[in-house]
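Coordinates in review
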Amino acid sequence: MKRLTLAICAAAAAMLMSAQSQKLTGTPMGSPGWNYELGRGVDAAANAFDGDLQTYYASEARSYTWVGLDLGSPHVITRVGWSPRNDPYNGEKRVVLGMIQGANRADWLDAMPIYMITEKGVIGQMHYGEVEMSKGFRYVRYVGPTDARCNIGELEFYGMEDAGDDSHLFKFTNLPMVLINTVDSQEPYDKEHEITSNVIIVDENGKINIDKPAGVRERGNNSRSHPKKPWRIKFEKKQQPLDAVAQGKKWTLINSYDDKSLMRNALAFEIARRMGMEYVPWCRLVEVVLNGEYKGVYQLCDQIDVRPGRVDIDEMTTDDIAGDALTGGYLLEVDGYANQEPAGEWFETDRRLPITIKSPDDGGTPEQYAYIKKYINDLHNLVFSADFDNPASGYRSILDIDTFVKHILTNELSGNADECWSVYWYKKRLDPKIYTGPVWDFDHAFDNCARVYPVCERAKNGFLFNCAGMANAGGVMDSFVYRVIVYDKNTAADMKRQWSMAHNDRDLTVAGLQKFIDDKAELLSSAQRLNFMRWDILNKRVGDNPRDEVSFEIAIGNLKSYIAERLNQLDQQVGYDPNISGIASVEGDGPLQVDVINGSIGVEECSFEVYNIQGVKLFDGRGRTQALPAGFYVVKAGAKTRKVAIR
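A few points on the structure. Note that the coordinates shown come from a computational prediction; the quantities given were computed from them, not determined experimentally. (Residues numbered from 1 in each chain as written. Predicted model: local features only at pLDDT ≥ 70, side-chain atom pairs only at ≥ 80, totals over all residues. Heavy atoms only, no water.)

So, the environment of Pro366
Which entries qualify depends on this criterion: Secondary structure is summarised from DSSP: a helix means a run of H or I of at least four residues, a strand means a run of E of at least two, and numbering begins at the N terminus for each. When accessible area is computed with a 1.4 Å probe and restricted to protein chains, residues below 20% of their type maximum are described as buried, those above 50% as exposed, and intermediate ones as partly exposed.
Turning to its location among the elements, Pro366 is positioned in helix H3 (residues 366-385). Overall, the relative accessible area of 66% leaves Pro366 in the exposed class. Sequence separation between Pro366 and Gly276 is 90 residues; the distance between their C-alpha atoms is 35 Å.

Shown next, in the form of structure tokens:
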């Protein structure tokens, strides 16, 4: 009843606001115009507001251009109207994904969407849309879709003078939005130059999560070759967007251009979590707008760096040049693109394994650079000189075998063609081990790369890394991995143990992963439609696509089918054992009686604690928990523990 009452009140408020709305007037403004009779630089903004459907506004530049009104004071917009330009060849299609924005700064750095046109209009007719936006704006504008010269026949804005509030902001779908507004609408153009920007993140509930100045540049390597660009955001001060674990200045927007499921990286990160890896990048599916142009679905992720919540090791300073301080921490990348980094920030081992030093910054001091170079070189030499008949082979005193195996299994299950091209390593202070992780870069995974497609067929006689080798890091790292995984017969037991524990303790199963895919697909159901309107790649092979996928639904089906086939294949190759578990049930003097009803856990007549598989406490009390997601949990009551599955 309470929810119904609130809905009625909201509807009544909307009706009242609509009744108070009127057609708004103001001073026309816009980007330099274009006219086929008069040429460039025409002041044609007034044509969009003259009431004449035969006149039009068109910009001189083809993208990031706009026309709008200065209303003189903030107004809450309740309705917008538009008509396509009177052009029988292109007029109607030039409005699709056109954005209507509001702002209170004349430089538009605080611009936010208030409506987006998603259907072709009819030339000679006005079309109207209701606006769900509580915030008031002085400036309103229409931004044309990319490469369309902002062609528009007529615009109308309705509303009332009011500053409004941030209680309910416009959203395209149920995904959070990342809004990037750059100075003078510059588009980031390389990896070196940061464009001065303001970044606004709106959460899934339509609330402002972050509104802060930042620098934005391109990021990535191969992914930068696509028309849908990947970006890095660097805030002026540390931020913690949405439900991120870490606070940091740097965040990445993964473009997933040639991934028609739009979730390959998110799925791979989830596999890494279920494998039990120590550090896994945080990731959220979002929609991105750059300077008023809709850019589609991205994955907002951690930047891999050294800090709490990411790679949580000691962050070295320039004073850490001797003794214990010199031993860590170091964040490294086995990197096929290492030779593109500045001198002093990367090195090769004697056996030509290329390593980029990610932290300390700039490759560290000469002492730090020399220390870690020798350390990795010694590891590489030990792997190639190891006596693999000796269980205590020397390289294991340096290479942490558990994280190495978890990383390999994550990439093997994902079928990652770039498995050995980019591998992160880290070294903690006062710890002799080199640890492997975090995982990264899965655009070419899950049967999405022609070089190794179909993965299950290519890997039926062995592991994928042995048939996906490339030059530079790929080829050299392949041989490194092959010696550890294949030559060292002791590693088979390590792999079987880690694989079985992931199965039994953390739901790394076909059903568990397919449910994750289904949940993400449902979350993306509306956004994927807009993404593929912006990027017309369905039923086309882009990037390294090995096959045509005519729809998002088919891409999801292929992903689920791949997971079932590859996981079952690895069960046979690695050797799944249902009896191997890292969680021991301790019953004490008698069994711990736990019941599970409708996803909740209960223990009679005693206090108890519930932990997830990562060891995070979820419940501390008596009686019964709230409903929990499907998965595995550890229940503890006094000295007794028990593993519980919620299906």
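So that's the structure; there's more coming.
Remarks on the sheet that holds strand E22 (residues 434-436)
Which entries qualify depends on this criterion: Pairs of strands are assigned from DSSP output, requiring at least two bridges between the strands. For helices, the axis comes from a line fit to the C-alpha atoms of the stretch in contact; other axes are also lines fit to C-alpha atoms, and the angle between any two N-to-C directions lies between 0 and 180 degrees. Residues count as neighbours in contact if any of their non-hydrogen atoms are within 4.5 Å of one another.
Here 5 strands make up an open sheet; going across it, the order is E19-E20-E18-E21-E22 and the pairing antiparallel. The open sheet has two edge strands, strand E19 (346-348) and E22, and neither has a second partner. Across the sheet, the mean angle from the axis of one strand to that of its neighbour is 30°, orientation sign disregarded. Relative to strand E21 (residues 422-427), strand E18 (residues 330-335) runs antiparallel, the two sharing 6 bridges. When the bridges of E21 are listed, Glu333 appears paired with Tyr424. Contacting E18, E19, strand E20 (354-359), E21 and E22, H3 crosses the sheet at an angle of about 35° to E19.

Re the environment of Ala44
Mapped onto the elements of the fold, Ala44 is located in the loop between strand E4 (39-42) and strand E5 (66-83). A sequence separation of 492 residues divides Ala44 from Asp536, and the C-alpha atoms of the two residues are 31 Å apart.

What about the nonpolar core?
Going by this rule: To qualify as a nonpolar core, a set must consist of buried Ala, Val, Leu, Ile, Met, Phe, Trp, Tyr and Cys residues joined through side-chain atoms within 4.5 Å.
Counting 99 residues, the largest nonpolar core has Trp425 and Met477 as the members making the most contacts within it. Take this core: its biggest share by element is 9 residues, from helix H10 (residues 552-575). Apart from residues no more than four positions distant in its own chain, Met477 is found in contact with Val334, Leu353, Phe404, Cys420, Val423 and Trp425.

Let's talk about the packing of aromatic side chains
Any aromatic ring pair is given by two values, namely how distant the centres are and how the planes are angled relative to each other. What counts is decided by this rule: Two aromatic rings, drawn from Phe, Tyr or Trp (for Trp, its six-membered ring), form a pair once their centres lie within 6.5 Å of each other, and the interplanar angle then sorts them: stacked below 30 degrees, edge-to-face above 60, tilted otherwise.
This model, assessed by the stated rule, comprises 24 aromatic pairs. Aromatic side chains Trp231 and Tyr298 sit 5.5 Å apart centroid to centroid with 10° between the ring planes, which places their arrangement in the stacked category. Residue Trp231 is located in strand E14 (residues 231-239), and its partner Tyr298 is located in strand E17 (residues 293-302); the two are separated by 67 residues in the primary sequence. This pair shows no difference in class: Trp231 is buried, exactly as Tyr298 is.

Re the pattern of salt bridges
It is possible for side chains of opposite charge to pair when their charged atoms get near one another. Using the following cut-off: A side-chain nitrogen of Lys or Arg and a carboxyl oxygen of Asp or Glu constitute a salt bridge if their distance falls within 4 Å.
Inspection of the entire model under this criterion finds 41 salt bridges. For the salt bridge of Asp507 with Arg274, the shortest nitrogen-to-oxygen distance reads 3.8 Å. Pair noted here: Asp507 is in the loop between helix H7 (491-506) and helix H8 (510-523) and Arg274 is in helix H2 (residues 264-275), with a separation of 233 residues, a long-range link. Here Asp507 matches Arg274 in class, with each residue buried. For Glu333, the salt bridge identified is with Lys358, shortest N-O distance 3.3 Å. Within this pair, whereas Glu333 is found in strand E18, its partner Lys358 is found in strand E20, the two being separated by 25 residues in sequence.

Focus on the pairing of strand E16 (residues 283-290)
Within E16, 8 of the 8 residues are buried, which leaves the element mostly enclosed by the surrounding structure. Pairing geometry for strand E11 (residues 177-182) and E16, over 4 bridges, is parallel. Note on E16: the bridge partner recorded for Ile180 is Leu290. Bridging between E16 and E17 involves 8 bridges; their strand directions are antiparallel. Across the sheet, residue Val289 finds its bridge partner in E17, namely Tyr294. Counting the residues in the hairpin turn of E16 and E17 gives 2 residues, including Asn291, whose phi is positive at 50°.

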